[in-house]
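Residues per chain are reported as follows:
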Amino acid sequence: MSTETIESAEGLFADTKNGPRLLGSRCVTCDTPYFPRSAGCHNPNCDLSKMEDAEFGPNGKIWSLSIQNYPPPPPVVIFDPFEPFAVGMVDLVEGLRVLGRIVSDTPDKVDVGDQVELVLAPLGVDATGAEVISWQFRPI
């Protein structure tokens, strides 16, 4: 296995001085958050689309949850051997709802309503042997 690590997607997350954050935008006029970044506001009630870069995280609450009990097909990156994992829709305190894997040794014990924090963690290993890093959520 390679010791290289790569991001799952460029420009979606960063390890900032304040810890891991999702990189998005927010409309200054109506305060609507967007992830990933958006060039314009899509809120039909917004009279003036004025966007600025925004960081989201780290705190949120699981809104919806599912357990991935079988290996997903490519191009999804996973570890071998496959271990079931939780996938949750998380409401971040900044008003953004985002999907992410839930980091837990016991995914069947994670539940809707649990408080979580944003972390940057490996999803698995790609075909070249590089560890693929992405945003995920850890119960707190």
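A short tour of the structure in this document, coming up. Treat the numbers as computed from the prediction; the structure is a model and nothing was measured. (Residues numbered from 1 in each chain as written. Predicted model: local features only at pLDDT ≥ 70, side-chain atom pairs only at ≥ 80, totals over all residues. Heavy atoms only, no water.)

## A few points about the nonpolar core
Heads up, the condition is: Only buried residues count toward a nonpolar core, which is a set of Ala, Val, Leu, Ile, Met, Phe, Trp, Tyr and Cys residues joined through side-chain atoms within 4.5 Å. The classification of residues rests on relative accessible area computed with a 1.4 Å probe and restricted to protein chains. Under 20% of the type maximum is buried, over 50% is exposed, and intermediate values are partly exposed. By definition, any uninterrupted DSSP run of H or I lasting at least four residues is a helix, any uninterrupted run of E lasting at least two residues is a strand, and each is numbered from the N terminus. Should any heavy atoms of two residues lie within 4.5 Å, those residues are counted as being in contact.
Counting 18 residues, the largest nonpolar core has L22, L92, W135 and F137 as its most contacted members. When residues of this core are traced back to their parent elements, those giving at least two are β5 (51–56), β7 (85–92), β8 (97–102), β9 (115–125) and β10 (131–139). The element that contributes the greatest number of residues to this core is β7, accounting for three residues. Other than its neighbours up to four places away in sequence, F137 contacts V90, L92, V98, G100, R101, I102, V103, V116, E117, L118 and V119.

## So, the packing of aromatic side chains
Keep this limit in mind: A pair of aromatic rings is counted whenever rings of Phe, Tyr or Trp (Trp by its six-membered ring) have centres within 6.5 Å, and the orientation is called stacked for planes under 30 degrees apart, edge-to-face for over 60 and tilted otherwise.
Scanning all chains against the criterion turns up three aromatic pairs. With a centroid separation of 5.3 Å and 90° between ring planes, the pair formed by F35 and W135 is classed as edge-to-face. You can see F35 sitting in the loop between β4 (33–34) and β5 and its partner W135 sitting in strand β10, a full 100 residues away along the chain. No difference in accessibility class separates F35 from W135, as the two residues are buried. Aromatic side chains F82 and F85 sit 6.1 Å apart centroid to centroid with 65° between the ring planes, which places their arrangement in the edge-to-face category. The two residues F82 and F85 agree in class, both being buried. Here the aromatic residues F13, F35 and W135 are joined through ring pairs into a cluster of three or more.

Interpretation in functional terms is not warranted from these geometric data alone.
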